Amino acid sequence: MSALTPIGVDAALHHAANPEADPAPRPKIFEEFSLAGRVGIVTGGNSGLGLEMALALCEAGAKAIYCIDIRDEPSVEWKATRDYVKALGNGSRLEYASADTTNQQDMWDKVEKFAEKEGRMDVCVAAAGILKAHKSCLDYPAEEFRQVMDVNTNGVLFTAQAAGRQMAKYNCPGSIILIASMSGSITNKDHAWVSYNTSKSAVLQMARSMACELGTSRIRVNSLSPGHIYTNMTAAYLDKQPHLLEKWSSLNPMGRIGRPDELRGVVAWLASDASSFCTGSDIIVSGGHHSW
């Protein structure tokens, strides 16, 4: 039961029965999206989608969001975002930590320290990922395939484990959000990305499997599948092959690719109580790419 109970029509009926006790009802929909007092981690949080999502969680009121990235020092972009969060004045903090998501024990240890410091762990966004250049599936190098799977699949699992262990330890009804891709359920036309597509497909099943195991522990697990979004990772293709922008844009009904900020709303929803009955789902944000 929500701490905001009664909500929705129940609140209206409660008010009707108790007009004097509740003379000035307040809207609760925005409170359902609030992350006030909560703590979370975001991997790949130094830039791109990870940083955008971390900022959204802070704007939703999170007490602290720890951005985890492979780089030893945060980017200029991350520092500017940290200062922006501080300037918001809502008490939220953006923290940075360097870690390799493919190192299971290191991830477990680091996230345990974050939880010990804050006394809780509520949200996990596993957004770290890599994309390699085109290579024929018949000649794909074993080592490169392992590398992509290690980061995009193993690293996502180790991240989810690290956060989930602390959610269970502190008895927090947590939300774990695994960043997959539309490439996990469709194949990108004319792109030889067998490693990336395979890794993201695994993430979809990982989310479903973990959701089924952790549901009774009040830990929700969902995947989020973006479509073509202009990020640092996709820029490596788009900036060198300008024709791809027009091609990718033409592959969805909206006729354009997405912006990183267009994932803010859905990640805030998945992290909050507003999505309290959503688990084991894949949320596709692709401009309708799947629709034709």
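On a predicted model such as this, the values are computed, not experimentally measured, just so you know.

Caption draft 1: Here's a closer look at the pairing of strand β3 (residues 93–98). Bridging between strand β2 (residues 64–69) and β3 involves six bridges; their strand directions are parallel. Bridging from a neighbouring strand, Ile68 pairs with Ala97 of β3. Between the parallel elements β2 and β3, the chain passes through helix α4 (residues 76–88) in a crossover that is right-handed.

Caption draft 2: View of the layout of surface pockets. Of the pockets and cavities examined, the largest pocket occupies roughly 990 Å³. Along the wall of the largest pocket there are 43 residues; nearest its centre are Ala127, Ala128, Gly129, Ile130 and Met233. Looking at the lining of the largest pocket, the elements that each hand over two or more residues are α3 (48–59), β2, α6 (142–169), α7 (194–214) and α8 (232–238). For the lining of the largest pocket, the element with the highest residue contribution is α8, accounting for five residues. The class makeup of the residues in the lining of the largest pocket is 21 nonpolar, 16 polar and six charged.

Caption draft 3: Looking closely at the environment of Ser183. Following the sequence through the fold, Ser183 ends up in the loop between β5 (175–179) and α7. Remark: the alpha-carbon pair of Ser183 and Glu20, spanning 163 residues in sequence, is separated by 55 Å. Leave out the neighbours within four places in its chain, and Ser183 touches Asn188, Tyr196, Asn197 and Lys200. Among the polar contacts made by the side chain of Ser183, one reaches the side chain of Asn188 at a distance of 2.5 Å.

Caption draft 4: View of the sheet that holds strand β6 (residues 220–226). On the basis of which strands lie adjacent, the open sheet formed by seven strands has the order β3-β2-β1-β4-β5-β6-β7 and parallel pairing. A strand with exactly one partner marks an edge of an open sheet, and here the two such strands are β3 and β7 (282–285). Pairwise comparison of adjacent strand axes, ignoring direction, gives a mean angle of 20° for this sheet. Pairing of β6 with β7 involves four bridges; the strand directions are parallel. By the bridge assignment, Ser223 is partnered in β7 with Asp282. Across the sheet, α6 is in contact with β1 (39–43), β4 (123–126) and β5; its angle to β4 comes to roughly 175°.

Caption draft 5: Fine view of unusual backbone geometry. In this chain, Thr5 is followed by Pro6 through a cis amide linkage whose omega measures 0°. Its location among the elements puts Pro6 in the segment before α1 (9–17). Backbone geometry at Asp190 places phi at a positive 70°, although glycine is not the residue there. Within the fold, Asp190 resides in the loop between β5 and α7. Owing to a relative accessible area of 55%, Asp190 belongs among the exposed residues under this scheme. Positioned with a positive phi, Arg218 is a non-glycine residue whose angle comes to about 65°. On the secondary structure map, Arg218 appears in the loop between α7 and β6.

Caption draft 6: View of the environment of Lys113. As for its position among the elements, Lys113 is in helix α5 (residues 104–118). The class of Lys113 is exposed, set by a relative accessible area of 56%.

Caption draft 7: Looking closely at α4. Relative to the 18 Å expected for 13 residues at 1.5 Å per residue, α4 spans 19 Å between its end C-alpha atoms, a close match to the ideal helical length. Buried residues of α4: Trp78, Thr81 and Val85, and no others. The buried residues of α4 all sit within an arc of 60° when viewed along its axis, so they share a single face. Residues of α4 that are exposed and angled more than 90 degrees away from the buried face: Val76, Lys86 and Ala87. Residues of α4 that are buried sit in contact with α3, β2 and β3.

Definitions and cut-offs
- Residues numbered from 1 in each chain as written.
- Predicted model: local features only at pLDDT ≥ 70, side-chain atom pairs only at ≥ 80, totals over all residues.
- Heavy atoms only, no water.
- Pairing = 2+ DSSP bridges.
- Helix = DSSP H or I, 4+ residues; strand = E, 2+ residues; numbered from the N terminus.
- Right-handed = clockwise from strand over helix to strand, strands pointing away.
- 1 Å grid on protein atoms, 1.4 Å probe; cavity = no way out; pocket = protein on both sides within 12 Å on 5 of 7 lines; lining within 4 Å.
- Points joined across faces, edges and corners; volume = space filled by probe spheres on them.
- Nonpolar A, V, L, I, M, F, W, Y, C, P; charged D, E, K, R; others polar.
- Contact = heavy atoms within 4.5 Å.
- Polar contact = N/O pair within 3.5 Å; in protein donor to acceptor, adjacent residues only side chain to side chain.
- Axes fitted to C-alpha atoms, helices over the stretch in contact; angles between N-to-C directions.
- Buried < 20%, exposed > 50% of the residue type's maximum accessible area, 1.4 Å probe, protein only.
- Expected span 1.5 Å × (residues − 1).
- Arc of directions from axis to C-beta.

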